[in-house]
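As a plain string of letters, each chain reads:
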Amino acid sequence: MKKTLTAICSVLLLVGCGSTTGSTDTTAVTDTTAVSSTTKVKPFEMTLTVGDNTGPNVVIEVDQGAQVVLTFANPDSNDEIHLHGYDLSTGTMEQGDEAVITFEADKSGDFEIESHETGELLATLRVNAA
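(A) Fine view of the confidence of the model for the protein. Here the protein shows a mean pLDDT of 79. Residues at 70 or above account for 68%. Within the model, the stretch residues 1–37 combines pLDDT values under 50 with one contact to residues more than four positions away or in other chains.

(B) Spotlight on the sheet that holds strand S7 (residues 109–115). Strand order in the open sheet formed by five strands is S2-S8-S7-S4-S5, with mixed pairing between adjacent strands. Only two strands of the sheet have a single neighbouring strand rather than two, namely strand S2 (59–63) and strand S5 (88–89). Pairing analysis gives two bridges linking strand S4 (residues 81–83) to S5, with the strands arranged antiparallel. Across the sheet, the residue bridging to His82 is Ser89, located in S5.

(C) Geometry of the pattern of salt bridges. Counted by the stated rule, this structure contains two salt bridges. One salt-bridge network, held together by shared partners, links Glu61, Asp110 and Arg126.

(D) Main features of the sheet that holds strand S1 (residues 44–49). The sheet built from three strands is open, its strands ordered S1-S3-S6 with mixed pairing. Looking at which strands have only one partner, the edges of the open sheet turn out to be S1 and strand S6 (98–104). Adjacent strand axes in the sheet meet at a mean angle of 15 degrees, parallel and antiparallel pairs treated alike. Pairing analysis gives six bridges linking S1 to strand S3 (residues 67–73), with the strands arranged parallel. Residue pairing across strands places Thr49 opposite Ala73, the latter belonging to S3.

(E) Representation of the packing of aromatic side chains within the structure. This structure, assessed with the given rule, holds two aromatic pairs. Ring plane angle 50 degrees and centroid distance 4.9 Å describe the contact between Tyr86 and Phe103, whose orientation is recorded as tilted. With Tyr86 in the loop between S4 and S5 and Phe103 in strand S6, this residue pair connects regions lying 17 residues apart in the sequence. On the basis of an interplanar angle of 65 degrees and a centroid distance of 4.8 Å, the ring pair of Tyr86 and Phe111 is categorised as edge-to-face. Separated by 25 residues along the polypeptide, Tyr86 in the loop between S4 and S5 and Phe111 in strand S7 bring together distant segments of the chain. Here Tyr86 matches Phe111 in class, with each residue buried. Every member of this aromatic cluster is reached through a ring pair, and the members are Tyr86, Phe103 and Phe111. For Lys107, the ring lying beneath its charged end belongs to Tyr86, and the centroid distance is 5.0 Å.

(F) View of the pairing of S3. In terms of burial, S3 is largely enclosed, as six of its seven residues are buried. Examined bridge by bridge, S3 and S6 share seven bridges and lie antiparallel to one another. Across the sheet, the residue bridging to Gln67 is Glu104, located in S6.

Reading the values: rules and limits
- Residues numbered from 1 in each chain as written.
- Predicted model: local features only at pLDDT ≥ 70, side-chain atom pairs only at ≥ 80, totals over all residues.
- Heavy atoms only, no water.
- pLDDT = per-residue confidence, 0-100.
- Contact = heavy atoms within 4.5 Å.
- Pairing = 2+ DSSP bridges.
- Helix = DSSP H or I, 4+ residues; strand = E, 2+ residues; numbered from the N terminus.
- Salt bridge = Lys/Arg side-chain N within 4 Å of Asp/Glu carboxyl O.
- Axes fitted to C-alpha atoms, helices over the stretch in contact; angles between N-to-C directions.
- Phe/Tyr/Trp six-rings, centres within 6.5 Å; stacked < 30°, edge-to-face > 60°.
- Buried < 20%, exposed > 50% of the residue type's maximum accessible area, 1.4 Å probe, protein only.
- Lys NZ or Arg CZ within 6 Å of the ring centre and 35° of its normal.

Quick look at the structure:
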């Protein structure tokens, strides 16, 4: 009987020790590390609609290294929009459709965003040096 009671106490002690060890803390540290290593900075996003919020005086400023998502729409005609200096294009867009250019702003300076169809300067992208 004494051996059985000792065995039961030993099992309870081990079970109790197992649940109060730092294993929960270790998991929390692991989870925190995983979250911080996969956390991403929110990208800079902007929608430009030709004739609405575009023009030669529109300057879009971002910091070098930023992830940039630019959405373009031309409600009045078919178009293709270019980001000079980065050599990026929306490709052909049908009237009223939207197209997206996503990139990392890895070059600093001023870059023109231009309509291929009209040659109109839609905006200037200003990338501030890091």
